[in-house]
Structure formats: C-alpha cells, structure tokens
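Commentary on secondary and tertiary structure
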Amino acid sequence: MSVKHAISRGLEIGRSVFQLGLLKPAARVAAKFRGERLRVGHPARRVQPQTFLPSRYRYYRMSLSGLAAQLQSLGFRRFAGGGSPRNRTVFLAFGLGLGLIEQQLEDDRRSAATCQEIQAVFRKRKFQNPLKPFTLGYRLEDYVMGKQIGKGCNAAVYEAAPQFAVPRETRECSLVELGSGGDDGQEGGGAPRSRSVLSCPLAVKMMWNIGAGSSSEAILSSMSQELVPAGPLALKEEKTTVALHGHFGVAPRRVSAHPNVVRVYRAFTAEVPLLPGAREEYPDVLPPRLNPAGLGNNRTLFLVMKNYPWNLREYLQVALPTHRQGSLMVLQLLEGVDHLCKQGIAHRDLKSDNVLVEFDSGGCPRLVIADFGCCLAERDGDLRLPFSSRCVNRGGNACLMAPEVSTAVPGPGAVIDYSKADAWAVGAVSFEIFGRPNPFYGPEGLDSRGYQEKQLPPLPARAPADTRLVAELLLRRDPAKRPSARVAANILHLSLWGGRVLANQDRASVKSISDWLLCQSAVVLLRGRGPVTSTVEAELQRCFLANLDLEDLHAAMGFLLFGREQQRQGVLAN
Ligand SMILES: Nc1ncnc2c1ncn2[C@@H]1O[C@H](COP(=O)(O)OP(=O)(O)OP(=O)(O)O)[C@@H](O)[C@H]1O
C-alpha cells in the first residue's frame, strides 16, 4: 500500500467512523490526538486531504508511536499490532482521518451554534393566526348555517357565516373577513372554486353524539381529541372546562398554531339542530326529538373552523399539481406532521380526506392537516402507547397504518411507537399527490402488514427525483431505517432550495452549509420586512429555519447524497 493510498484509506476510515455515527469514540481519539498534533508542532488548523503533502509526513511520523499507544489504550488493538512501516502508515492514515474528524467536529460545533442562533430568531417569529381575540361565537345561534360541505363517520360539516356584529376594533381580523382577503384560498387558485367560502368563510363541524350523554362535561370528555387543534380562546370557560376535564382525567394536549395544521376557533356544545340533509343523510344519529328512530343524544359538540374550498382527495380529482407544487405539498404535510410530533401528538388517521386545501396568492396549494378525532395526545406527550390488549385503539384507517402499528401484537409490556407512523402515511399520500392511486388502497392494494418494499410502485417519473426518494424512504418498513418527518422535510428543503450546497459532497462543505443557512435566513427576514407575504414557500422556509438542528440536517444530507448516488448507479427501482 503506498503512503498516498494509506492516507486516503485512513481518511475514508475516518469518514466512515463519522458516518457510522461513532462520533463519541472518534471524538475521544481525536481529542487525544490533538495533543499529539500540537506537540509535534502541527498547526491546529484545518487538515484538508488535498493539502496534505508528503513533506508533512515527517511531523506525523514523529508522533506515530504516541498515537499507536493511545489507540491501543482506547481499545483499537487491531491497529496497534507490530511496528512494520506498513502498519505505521496505516496508523498515520487513520490518525489523519481522526484529525479530519476533529476538524469536522469543530466545524460542527460552529455550525450547531449558527443553527441555534437562526432557530432562536425564527422561533420568536411565531406563526400568527389571522384571528384577533374577541368574545363572541360561543353559541350555535351566533352562526347562519349554510349547506353541507362534508361528512365523515363521526360528523357532518356545514358552511357558515357569523351572525353576530363584530366589534369595530376587531373588524380587520374578524371571522367575517376570514376568507375574503387575497390569501384566502380563492385568489389565484389553480383550480375552479368548489365552495362559496367568500359568503360563508366558516365551517362548523357537528359531531354525532351517540353514546356520550348530553352533559357538556361528558361530551367534551368523550370527544376531547377533537379539541387538540383548538386555539386558546376556543372554549368559552377554558378554566372551568379544563378543571372538568381534569376531573374526568382526559384533558388532551393542544397543538400550537402552525400553517399546516387546522385551527379550531370555537368549540361549544349545543342542542342538535335539524340541518339541511339531516333526515336523508344521517337520520340514525339524530336525537329522537328530530327522528323518533334516531339513536343520537340531544346535545353535541360543535367546532368552528375556517372554511376550506377543498379536501385533498377532492382537489386531486380535478387538478394535477405541477411537480414543484407536488413536492411543496408533500413538504407541507411533513412540516405539519413534524410540528405535531414535536408537541407529542400523533394524528393516526392521515389520509387525503383529512387534509384541507386552499391556495396562496400565487396559486400554490396550501395544505392543512385536519380531523384529530383519532389522534394520540397524551398529557405527557409520549408517543409510545402501551398496547396491553386488543381493546386499545390503534388509530384510524387500517389501510394507512404504518407497519409497526398494523403488525403490533397486544400483550403485557407491548408498546406501539407512533413517532414515525404519520410520516409513513405521508409517504403513501404522496402517490395521490403525484396522480397515482394510493398503493395501500383497494382490493389490489398492498397490505401495510406484509408488503415488501420492492413491491411498491415507483412514483411517476415526472415527480422530482429527490421527492421520489423521500416517498421511498418514508415507506420503509423498519421505523429505525425510516427518516423522521423532520429529516424527510429537511431532505426536501435541501432539494428545493439547497442548490449548490449539495454539489460538493465533501465535509469541507460544512462551512458552505452554514453560509447557505445564513443566506436563507437573511432572505426570509428581508422578505418579512416587505409587504406581508404568506406564500406557501415563504411559510415553509420559515418552518425550516425555526426547526434547524444540525444533526437532522446532516441526516438529511446523508440520505440525499446516498439517494442521489444510488440513483446515479441506477440501483433504485425507478
Ligand atoms: N374546515 C373545513 N372546511 C371545509 N371542509 C371541511 C372542513 N372540515 C371538514 N371538512 C370536510 O368534511 C369532511 C368530513 O370532515 P371530518 O373528516 O372532520 O369528519 P369525520 O367524521 O371526523 O371524518 P372521519 O370519517 O375521517 O372520522 C372532510 O373530508 C372535508 O371534506
């Protein structure tokens, strides 16, 4: 083995140690090695593979025996056998690799600090809801109900307009104006209008109450998951309600506002009214007062939200998003899921019917995750659910249950970990976004319990290669090999906006990542100073910067570069 070869081999080993995540032992060795390097007079500056010239060899040669002893003491016996020139050369090369790692660690420390600073800036600029607090809208009589706009297994949804006079001082951001601005889902939308969101800016979801009784406490208690996306003023007597919930022991977590998660503005209980289509479409769940054969209770829960013109399934039936829009849509779902995960919430029923769509001023679809009726939102935010018996509810739609959920076997000590389950469902929904049937639907569809990854159809070739990679990674059976929603989102951020940062695969590009992050931050901050832009892309970039974490970013880069390499070699099925 020539010296040059050995050195490059050592650098390779160093990189592998790094990539294998053996950072801690490597850092320990590198820290020891640093002393050695300093002692032999090598400047503690960047060790660049290309700048290592044979003339420097002698410095390292002087430190070889010391290095060998240290490696030995740290348990790297394999490298410490004998003193042949060849072995020494290997030590040298390995040491150089470690030196490089040390430099990388230093770079990482700096980049991590940059990430933290950027994150702090963007965390402060929290997503604002378009509503300012005001005190009305807690009764059904406060709304004029319009036609039915949706129906599921648990509720009917109606369009609505507020009936109350909105105080002058809050008029600018009132419920009335919701949906009438330029960014309301109608202006510039790439698809025909589906609903009259201008005249009825609100949607009221009326839950069907069959077994919960008619007291407010019992209703709120049994339907508490629906309140997960409720804002702080959604319930009139928040304190009383929480106390009552506490009494029943079921107060759910609440998710904070996010551009890709629906917001419930008001939640209240009221008598079930006879709304359009009720007797024809859901007679059985009406109370006997309205249908003598009905099984429903007299009162139920109402949730007031913004009225969105489409759900994702309906929208995709009439529109084929461009490939960039498709990637942005997948990314929005991942950002929404990541936000939920970070707040200790698993949606557990992510499907295209439960995603609502509007459009930004440029016509790009904005997606929000809705319908939290099946979610896991334990008070302690733990996403691992003890699965002691079959009676424990695994979540919603069985077709879109991640393998670790659908294959879980109940028993003492069994646990289902939901931390990557919603991300898996995003992988499945991305097929629909790119105009393909969901591979887990229908009699011919795959079964999440037993499918093999190679059975998955590829996303259409018109989907960007990196987005195809993300879908493929998200549908990995083993959650340990599947990226989290955050890492998958980062892959798409890098792919959409990373540009030249990714051109250089070498770790020397760590600095260019920091530079790129700073540039991105500057662009987003400057944009924020101009006229209000709440385009989907701007929101996504803010989400990215507010959630920066160097480890997640590296993981994303690793997946992306690996995927690109595989694609180059034509190994990936597509
Ligand atoms: N805020 C909204 N704006 C417009 N349409 C909505 C809104 N909320 C719900 N919908 C429509 O109503 C449909 C049913 O709503 P939702 O999924 O919340 O009901 P559900 O009974 O809880 O559903 P599931 O059967 O999934 O449990 C949705 O698919 C969507 O089309």
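Bear in mind the structure is a predicted one, so any value in this text is a computation, not a measurement.

Analysis parameters
- Residues numbered from 1 in each chain as written.
- Predicted model: local features only at pLDDT ≥ 70, side-chain atom pairs only at ≥ 80, totals over all residues.
- Heavy atoms only, no water.
- Helix = DSSP H or I, 4+ residues; strand = E, 2+ residues; numbered from the N terminus.
- Buried < 20%, exposed > 50% of the residue type's maximum accessible area, 1.4 Å probe, protein only.
- Contact = heavy atoms within 4.5 Å.
- Areas by Shrake-Rupley, 256 points an atom, 1.4 Å probe, with all protein chains shown as cover.
- Near = heavy atom within 4 Å.
- Polar contact = N/O pair within 3.5 Å; in protein donor to acceptor, adjacent residues only side chain to side chain.
- Nonpolar A, V, L, I, M, F, W, Y, C, P; charged D, E, K, R; others polar.
- Pairing = 2+ DSSP bridges.
- Axes fitted to C-alpha atoms, helices over the stretch in contact; angles between N-to-C directions.
- Expected span 1.5 Å × (residues − 1).
- Phe/Tyr/Trp six-rings, centres within 6.5 Å; stacked < 30°, edge-to-face > 60°.
- Lys NZ or Arg CZ within 6 Å of the ring centre and 35° of its normal.

With that out of the way, let us pick up the overall build of the protein. Helix and strand content of the protein: 17 helices and ten strands. Residue burial in the protein is summarised as follows: out of 574 residues, 53% are buried. In the protein, once contacts between residues fewer than 6 apart in sequence are set aside, the share between residues at least 24 apart is 74%. About 26000 Å² of surface is accessible on the protein, with carbon and sulfur atoms providing 54% of the total.

Our focus in this paragraph is the site of the ligand. Close to the ligand lie 22 residues, the nearest being C153, N154, K205, K306 and N311. Between an oxygen atom of the ligand and a main-chain N or O atom of A155, the distance comes to 3.0 Å. Between D371 and the ligand, the recorded distance is 3.0 Å, taken from a side-chain N or O atom to an oxygen atom. Considering the ligand on its own, with 620 Å² of exposed area, one finds that the protein chains cover 94% of that surface. Counting residues per element, the ones that place at least two in the shell around the ligand are β1 (143-151), β2 (155-162), β3 (202-207) and β5 (299-306). Broken down by element, the shell around the ligand gets its largest block of residues, three residues, from β1. For the shell around the ligand, the per-class residue count stands at eight nonpolar, six polar and eight charged.

This next bit is on the sheet that holds β5. Ordered by their spatial adjacency, five strands build an open sheet running β1-β2-β3-β5-β4, and the pairing between neighbours is antiparallel. The open sheet has two edge strands with one neighbour each: β1 and β4 (264-271). Across the sheet, the axes of successive neighbouring strands diverge by a mean angle of 30 degrees, strand direction being ignored. In this sheet, β2 lies alongside β1 in antiparallel orientation, the contact comprising six bridges. By the bridge assignment, V144 is partnered in β2 with A161.

This part takes up helix α12 (residues 421-433). Across its 13 residues, α12 extends 19 Å between first and last C-alpha, which sits within 8% of the 18 Å expected from 1.5 Å per residue. By the criterion of burial, α12 is predominantly enclosed, with 13 of the 13 residues buried.

Here we take up the environment of D380. Relative to the helices and strands, D380 is located in the loop between β8 (365-369) and β9 (384-386). A relative accessible area of 61% places D380 in the exposed class. The spatial distance from the C-alpha of D380 to the C-alpha of K420 is 18 Å, given a sequence separation of 40 residues. At a separation of 3.1 Å, a polar atom in the side chain of D380 contacts the main-chain amide nitrogen of D382.

Within the structure shown, the criterion is met by eight aromatic pairs. Considering the side-chain rings of W208 and Y282, the 5.1 Å spacing of their centres and the 35 degrees angle between planes classify their relative orientation as tilted. Here the residue W208 occupies a position in the loop between β3 and α6 (216-222), and Y282 occupies one in the loop between α8 (278-281) and β5, the gap between them amounting to 74 residues. Here the two residues W208 and Y282 agree in accessibility, since each one is buried. With a centroid separation of 5.1 Å and 75 degrees between ring planes, the pair formed by F440 and Y451 is classed as edge-to-face. Of the two residues, F440 is situated in the loop between α12 and α13 (465-474) and Y451 in the loop between α12 and α13; the sequence distance between them amounts to eleven residues. Three or more aromatic residues joined by ring pairs make a cluster, and in this case those are Y143, F268 and F302. When the ring centre of Y451 is taken as reference, the NZ or CZ atom of R477 above it lies at 4.9 Å.

Keep in mind these numbers describe shape, not what the thing actually does.
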